[in-house]
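# Structural overview for review
Spelled out, the chains give:
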Amino acid sequence: MLFRSFDPGTSARRFTLAMTDVGEVYFMPVLIERCRALAPNVEIASKRANPLALKDDMETGRVDLAIGAFEEVSEALYQRQLFKQPFVSMFRKGHPLATGSVDLARFVQATHLIVDAAQSPYDRINVLLEKAGVGTQARFRVPHFTAVPYIVATSDLVVTVPQKLAESAAAPFGLKWIEPPLALPTLQTNVFWHRRFNHDPGIQWLRGLIADVFAE
């Protein structure tokens, strides 16, 4: 397959990135600013990632790159690890859990907000929370991460989220986060591209930029 040459300084190419809602919160502000500086005419659009349709979307070019913790993806997709992060528990700064040590008993007794994200690996986190006694008592649930900082900032709820979301939300929303007193797996975030476009200069540039900015 022949690909057009790519010059970020002059190109007006549009790139579509598939990611989750929590991915948009973390990646898009930085990508937008970096592209404004390095590729002033390039367009960046995000779309909500559908893991089941990821291979077809990327094979047809509807999606150029995907960023996330997607598991069991097609062998047609290449990937590069960006970082691993733990899950942490987040709450407003004046919350009772903000003072003193937090053991499992205190943690379970708090009122929790559950993010009912059905896709793996987030679903496994909820299983572990329930086994610890959290999920069975939780009366409040949301399907996505985007609204979480707004909710916990104005309530006494505790929510368990990827650490980078907590880091991004802590200052703007007046939040604090701690390591939860139970063992939870780490979350590995990768950038994915279809092997069909492995030698596309534009996609090579964008995935290189993403790696330069976000890889740890």
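Everything numeric in this text was worked out from a predicted model, so none of it was measured.

In spatial order, the strands read 7-6-8-5-9; together these five strands make up an open sheet with mixed pairing. Only two strands of the sheet have a single partner each, and these edge strands are strand 7 (140-142) and strand 9 (175-178). Recorded for the sheet is a direction-independent mean angle of 30° between the axes of neighbouring strands. By the bridge criterion, four bridges tie strand 5 (residues 87-92) to strand 8 (residues 157-162) in an arrangement that is antiparallel. Looking at strand 8, one finds that Ser 89 is bridged to Thr 160.

For the rest of this paragraph, the subject is the nonpolar core. Within the largest apolar cluster, 36 residues are counted, with the highest numbers of intra-cluster contacts made by Met 90, Phe 145, Val 148, Val 159 and Val 161. Mapped onto this core, the elements with two or more residues apiece are strand 5, strand 6 (111-115), helix 4 (122-132), helix 5 (148-153), strand 8, helix 6 (163-173) and strand 9. Listed in part, the 23 residues of the second largest apolar core include Phe 27, Trp 193, Ile 203 and Leu 209.

In this structure the tally under the stated criterion is 11 aromatic pairs. With a centroid separation of 5.8 Å and 80° between ring planes, the pair formed by Tyr 26 and Phe 83 is classed as edge-to-face. On the criterion of sequence distance, the pair formed by Tyr 26 in helix 1 (residues 21-38) and Phe 83 in strand 4 (residues 77-85) is long-range, its members being 57 residues apart. Looking at Phe 83, the relative accessible area reads 2%, which means it is buried. Residues Phe 27 and Phe 214 carry aromatic rings whose centres are separated by 4.7 Å and whose planes lie at 75° to one another, so their mutual orientation is edge-to-face. Placement of the pair is Phe 27 in helix 1 and Phe 214 in helix 7 (residues 201-214), with a sequence separation of 187 residues. Residue classification places Phe 27 among the buried positions, given a relative accessible area of 3%. Overall, Phe 214 belongs to the buried group, its relative accessible area being 4%. An aromatic cluster is present here, built from Tyr 26, Phe 27, Phe 83 and Phe 214 joined pairwise through their rings.

Considering the arrangement of structural elements, one finds His 199 in the loop between strand 10 (187-194) and helix 7. The exposure class assigned to His 199 is exposed, which follows from its relative accessible area of 57%. Once the C-alpha coordinates of His 199 and Phe 27 are considered, the two residues, 172 residues apart in sequence, prove to be 24 Å apart. With residues up to four places along the chain from it excluded, the contact list for His 199 reads Phe 3 and Gln 204.

Bringing helix 1 into the picture now. For helix 1, spanning 18 residues, the distance from its first C-alpha to its last is 25 Å, which sits close to the expected 26 Å at 1.5 Å a residue. Of all the bends in helix 1, the greatest, near 40°, is centred on Phe 27, and the proline Pro 29 appears no more than four residues after it. Inspection of helix 1 places Asp 21, Val 22, Gly 23, Phe 27, Met 28, Leu 31 and Cys 35 among the buried residues, and these make up the whole buried set.

The subject of this paragraph is the pattern of salt bridges. Within this structure, the stated rule accounts for 11 salt bridges. As a salt-bridge pair, Asp 57 and Lys 47 come within 3.6 Å of each other at their nearest N and O atoms. Placement of Asp 57 in helix 2 (residues 54-59) and of Lys 47 in strand 2 (residues 43-48) is noted, with a sequence separation of 10 residues between them. We classify Asp 57 as buried; its relative accessible area is 10%. With its nearest N and O atoms 3.1 Å apart, the salt bridge here joins Asp 116 to Arg 141. Highlighted residues: Asp 116 in the loop between strand 6 and helix 4 and Arg 141 in strand 7, separated in sequence by 25 residues. Residue Asp 116 is classed as partly exposed on the basis of its relative accessible area, which comes to 36%. In this structure, a network of salt bridges that share partners links the residues Lys 47, Asp 57 and Arg 62.

What follows is about the side chain of Thr 20. Secondary-structure assignment places Thr 20 in the loop between strand 1 (14-19) and helix 1. Of the residues examined, Thr 20 reaches a relative accessible area of 9% and is grouped as buried. If sequence neighbours within four positions are ignored, Thr 20 has contacts with Arg 48, Ala 49, Ile 67, Phe 70, Gln 119 and Tyr 122.

Parameters at a glance
- Residues numbered from 1 in each chain as written.
- Predicted model: local features only at pLDDT ≥ 70, side-chain atom pairs only at ≥ 80, totals over all residues.
- Heavy atoms only, no water.
- Pairing = 2+ DSSP bridges.
- Helix = DSSP H or I, 4+ residues; strand = E, 2+ residues; numbered from the N terminus.
- Axes fitted to C-alpha atoms, helices over the stretch in contact; angles between N-to-C directions.
- Core = buried A, V, L, I, M, F, W, Y, C linked by side-chain atoms within 4.5 Å.
- Buried < 20%, exposed > 50% of the residue type's maximum accessible area, 1.4 Å probe, protein only.
- Phe/Tyr/Trp six-rings, centres within 6.5 Å; stacked < 30°, edge-to-face > 60°.
- Contact = heavy atoms within 4.5 Å.
- Expected span 1.5 Å × (residues − 1).
- Bend = angle between axes of the 7 residues up to and from the residue.
- Salt bridge = Lys/Arg side-chain N within 4 Å of Asp/Glu carboxyl O.

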